[in-house]
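Now for the letters of each chain:
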Amino acid sequence: MIKIEHLVKRYGDKTVVNDISFEVGDGEIVGFLGPNGAGKSTTMNMLTGYLSSTSGTVEIDGFDILENTLEAKKLIGYLPEQPPLYPEMTVEEYLNFVYDLKRCKLNREKHLAEIAEVCKIDDVYKRVIGNLSKGYKQRVGIAQALVSNPRVIILDEPTVGLDPKQIVEIRNLIRTLGLDHTVILSTHILSEVQSVCDRIVIINKGKIVADKRTEEIATAVEGNRRMSVRICGPQKDVLTAIRSLDGVYAAEAVGQQDMDSITYVIETSEGLDIRKPLFHLMASNGWPIIGIEAMGANLEDVFLTLLGDTGSKKKKKSGKKEG
Amino acid sequence: MIAIFKREMRAYFTSPLGYFFIAVFLILNGAIFAFCTLQQGSDSNLSRYFTSILFAFVILIPLLTMRSFAEERKAKTEQLLLTSPVTLPGMVCGKFFASYAMFLMTLLVGLFDLYPLYKFSEDTPNTPRIIGYIIGIALVGAAFVAVGIFISSLTENQLIASLGTMAVLLLFLVTSFLNRYIPFPWLRSVLSWFSIYSRYGNFTYGYFDFAAILYYASICFVFLFLTVRVYEKRRWS
């Protein structure tokens, strides 16, 4: 459905997107994941024909976006990073405008009513867009991308600025859309792609660092169980003691949070619970455990491992986003 | 293109700008008309009115065109237009015709000012000549709107778009008046070719100047073409 080959975008001598190639099949939901400034939005802008590429091609269902522009654009519904809304229009006027703009041939009333219902904007249908809340604006933006029922839907950070309830709703909506559309969505929130996408493409500094099915990526790191433990006691002795336990794969001290306790990250073999032996061992030595926290392997680990960015790993851990 | 035209027209009437434009246009138009023709001792010759109104356009047309592309760019709504199945020329023409339609409509309403002339004037107004004038200013208006649209596409700041348009339009007009003071004949002839005002002259004698129509049409074309180029260049930059 979508075929991207050797896509490059340069601004002067700054390369924003550097030789990206991937394909998206019919009916697939692909998550496009990367930190801010990785080139996600630029790639999406090139996919939709808003920007041209410096080199490389984008084909939508066989139509080159720069050569057969109109045919290719007819197949795409796009929600840019900032929803392209006209604040002085009502939702109804706006969707009718988009309907005309996309030269939609479906039954106008019925089609727009359906979209409004799917996106849950029917209760604000007659209101002026400028007065809507951020969540509604975002949903009107998504509704806009659905007009004319395009086969490809491209959503750039669709859940930014929404409250948790709305995020869940939008995710459900995207999952529904994925049933009969090809969807590409970009995000920097890992749980989002994990819960919605079939496939994940991870991009950093303009390059693809991973392109795998969601399950593959998740299982890739679930080999070991990790937990973080806070223990009061002399660091060196505690470490030696922990490492002497059966099933401990690796242990290291990661930091001192207060005067006498130190946090250790312990990795154990799969399917083994060492919390009880650990407790008894520490108790017999007179080193109190003041906290145990499981660190489930998730996409964040994959992500950070793939980026090879161990420095920010610890920082991000503490402020983990569960969007 | 039609969708964009319709949206633009609606935008004029759902924001204060359209009403503001109409009000300022009609006030200036009425005032100029009154000063030029309704004063004691003036006759039904409208040439002064139709010359002065050109200067009013320098202020009025930027009001009409300043937001056209600048606002879309600022609000990023242009992303919708540029990723929809619409060609760039279609998009630019939609905007141009919306602004121009607004201009023509207001111009036509302003023509009611001529009523007292027909009603109370002692001599009969020269109707074919007035029609010539009207066609003339409608054409000048088209050229000015195209200039305004072009300048609006260069910036995302509406204020800069309007001031820039005013400056350029003023320059267009003033060259015709200052031309005679330029000591180099070659420069004079070049500038007079560019002068929007000098082409306007023939219409005021009541004859239909096809060369002038072509001239104004090509001014429109050049500026709309440049607008399309601005968008193409931004896409490729």
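Basis of the calculations
Residues numbered from 1 in each chain as written. Chains lettered and ligands numbered in written order. Predicted model: local features only at pLDDT ≥ 70, side-chain atom pairs only at ≥ 80, totals over all residues. Heavy atoms only, no water. Pairing = 2+ DSSP bridges. Helix = DSSP H or I, 4+ residues; strand = E, 2+ residues; numbered from the N terminus. pLDDT = per-residue confidence, 0-100. Contact = heavy atoms within 4.5 Å. Buried < 20%, exposed > 50% of the residue type's maximum accessible area, 1.4 Å probe, protein only. Buried area = accessible area lost by both parts, 1.4 Å probe. Salt bridge = Lys/Arg side-chain N within 4 Å of Asp/Glu carboxyl O. Polar contact = N/O pair within 3.5 Å; in protein donor to acceptor, adjacent residues only side chain to side chain. Nonpolar A, V, L, I, M, F, W, Y, C, P; charged D, E, K, R; others polar. Core = buried A, V, L, I, M, F, W, Y, C linked by side-chain atoms within 4.5 Å. Patch = residues over 30% accessible without salt bridge, like charges linked within 9 Å, V, L, I, M, F, W, Y side chains within 5 Å. Areas by Shrake-Rupley, 256 points an atom, 1.4 Å probe, with all protein chains shown as cover.

Describing the pairing of strand β2 (residues 14–24) of chain A
Residue and element names in this part refer to chain A.
Stage number 1. Where strand β1 (residues 2–11) and β2 come together, seven bridges link them in antiparallel fashion. By the bridge assignment, Ile2 is partnered in β2 with Val24.
Stage number 2. The antiparallel pairing of β1 with β2 creates a hairpin that spans two residues between the two strands, and Gly12 there sits at a positive phi of about 65°.

Considerations on the confidence of the model for chain A
Stage number 1. In this model, chain A carries an average pLDDT of 84, and 88% of its residues clear a pLDDT of 70 or more.
Stage number 2. Residue range residues 309–323 of chain A is modelled with pLDDT below 50. Its contacts to residues more than four positions away, or to other chains, number 17 contacts.

Concerning the sheet that holds strand β4 (residues 55–60) of chain A
Residues and elements named next belong to chain A.
Stage number 1. Across the sheet, four strands lie side by side as β2-β1-β4-β5; this open sheet has antiparallel pairing. The open sheet terminates on both sides in strands that have one partner only, identified here as β2 and β5 (63–64).
Stage number 2. Relative to β4, β1 runs antiparallel, the two being bridged by five bridges. Considered in β4, the bridge of Ile2 is made with Ile60.

Some thoughts on unusual backbone geometry
Residues and elements named next belong to chain A.
Stage number 1. In this model, Lys120 sits at a positive phi of 55°, which is unusual for a non-glycine residue.
Stage number 2. Among the structural elements, Lys120 can be located in the loop between α4 (108–118) and α5 (134–146).
Stage number 3. The partly exposed category is assigned to Lys120, whose relative accessible area is 46%.
Stage number 4. A positive phi angle, close to 45°, is found at Lys205, a residue other than glycine.
Stage number 5. The residue Lys205 is located in the loop between β9 (199–204) and β10 (207–213) in this model.

Some points on the interface of chain B and chain A
Stage number 1. On the chain A side, the residues contacting the 25 residues of chain B number 30 residues.
Stage number 2. Buried area between chain B and chain A, summed over both chains or domains, comes out near 2700 Å², and the portion from carbon and sulfur atoms is 61%.
Stage number 3. Along the contact surface separating chain B from chain A lie three salt bridges.
Stage number 4. Lys6(B) is the salt-bridge partner of Asp100(A), the closest N and O atoms lying 3.3 Å from each other.
Stage number 5. On the surface where chain B and chain A come into contact, there are nine residue pairs in polar contact (both at pLDDT 80 or more).
Stage number 6. At seven residues, helix α1 (residues 2–14) of chain B tops the list of elements feeding residues into the side of chain B that touches chain A.
Stage number 7. For the side of chain B that touches chain A, the class distribution of residues is ten nonpolar, seven polar and eight charged.

Considerations on the environment of Ala251(A)
All names here are of chain A.
Stage number 1. If you trace the backbone, Ala251 turns up in strand β12 (residues 248–256).
Stage number 2. In the structure, Ala251 is positioned twelve residues away from Leu239 in sequence and 6.9 Å away in space, judged by C-alpha atoms.
Stage number 3. With near-sequence residues (within four places) excluded, Ala251 lies in contact with Leu239, Ile242, Arg243, Val265 and Ile266.

Things to note about the pairing of strand β8 (residues 182–187) of chain A
The side chains of a regular strand alternate, residue by residue, between the two faces of the sheet.
Residues and elements named next belong to chain A.
Stage number 1. Along β8, six of the six residues are buried, which leaves the element largely enclosed by surrounding structure.
Stage number 2. Here β8 shows a buried face lined by Thr182, Ile184 and Ser186 and a second buried face lined by Val183, Leu185 and Thr187.
Stage number 3. In this structure, strand β3 (residues 29–33) lies alongside β8, joined through five bridges in parallel fashion. When the bridges of β8 are listed, Leu33 appears paired with Thr187.
Stage number 4. Strand direction decides the pairing type here: strand β7 (residues 152–156) and β8, joined by five bridges, are parallel.

Some words on the pattern of salt bridges
Stage number 1. Here the structure, examined in full by the defined rule, presents 23 salt bridges over all chains.
Stage number 2. Ionic pairing is found between Arg151(A) and Asp61(A), a salt bridge with its closest N-O pair at 2.9 Å. In this pair, Arg151(A) is assigned in the loop between α5 and β7 and Asp61(A) in the loop between β4 and β5, connecting sequence segments 90 residues apart.
Stage number 3. Exposure remark for Arg151(A): the relative accessible area of 35% places this residue in the partly exposed category.
Stage number 4. Notably, a salt bridge pairs Glu192(A) with Arg171(A), separated by 3.4 Å at the nearest N-O pair. Taken together, the positions of Glu192(A) in helix α7 (residues 190–196) and Arg171(A) in helix α6 (residues 164–180) put the pair 21 residues apart, joining distant regions of the chain.
Stage number 5. Three or more residues are tied together by salt bridges with common partners; here these are Glu88(A), Arg7(B), Glu8(B), Arg67(B), Glu71(B), Glu72(B) and Lys95(B).

Let's talk about the nonpolar core
Stage number 1. By size, the foremost hydrophobic cluster in this structure holds 146 residues, and its most contacted members are Tyr94(A), Phe97(A), Ile121(A), Phe57(B) and Tyr216(B).
Stage number 2. At 16 residues, the largest contribution of residues to this core is made by helix α8 (residues 127–152) of chain B.
Stage number 3. Aside from chain neighbours lying at most four places away, what touches Tyr94(A) is Pro84(A), Leu85(A), Tyr86(A), Met89(A), Ile129(A), Val140(A), Gln144(A) and Leu80(B).
Stage number 4. Core analysis: the second largest hydrophobic core is formed by 17 residues, Val229(A), Ile242(A), Tyr264(A) and Met282(A) among them.

Topic: a nonpolar patch on the surface
Residues and elements named next belong to chain B.
Stage number 1. Nonpolar side chains collect at one region of the surface, where Phe184, Trp186, Val190, Trp193 and Phe194 lie side by side and expose about 580 Å² of accessible area between them.
Stage number 2. By the secondary structure assignment, Trp186 is in helix α10 (residues 185–194).
Stage number 3. Trp186 sits in the exposed class, given a relative accessible area of 57%.

Let's talk about the confidence of the model for chain B
Detailed reading of the predicted coordinates is not advisable wherever pLDDT falls low.
Residues and elements named next belong to chain B.
Stage number 1. With 98% of its residues at a pLDDT of 70 or more, chain B shows a mean pLDDT of 88.
Stage number 2. Here helix α11 (residues 196–204) stands out as the element of chain B with the lowest mean pLDDT, 76, in contrast to helix α6 (residues 88–110), whose mean of 95 is the highest.
Stage number 3. Interface scoring of the predicted complex returns ipTM 0.88; its pTM is 0.82.

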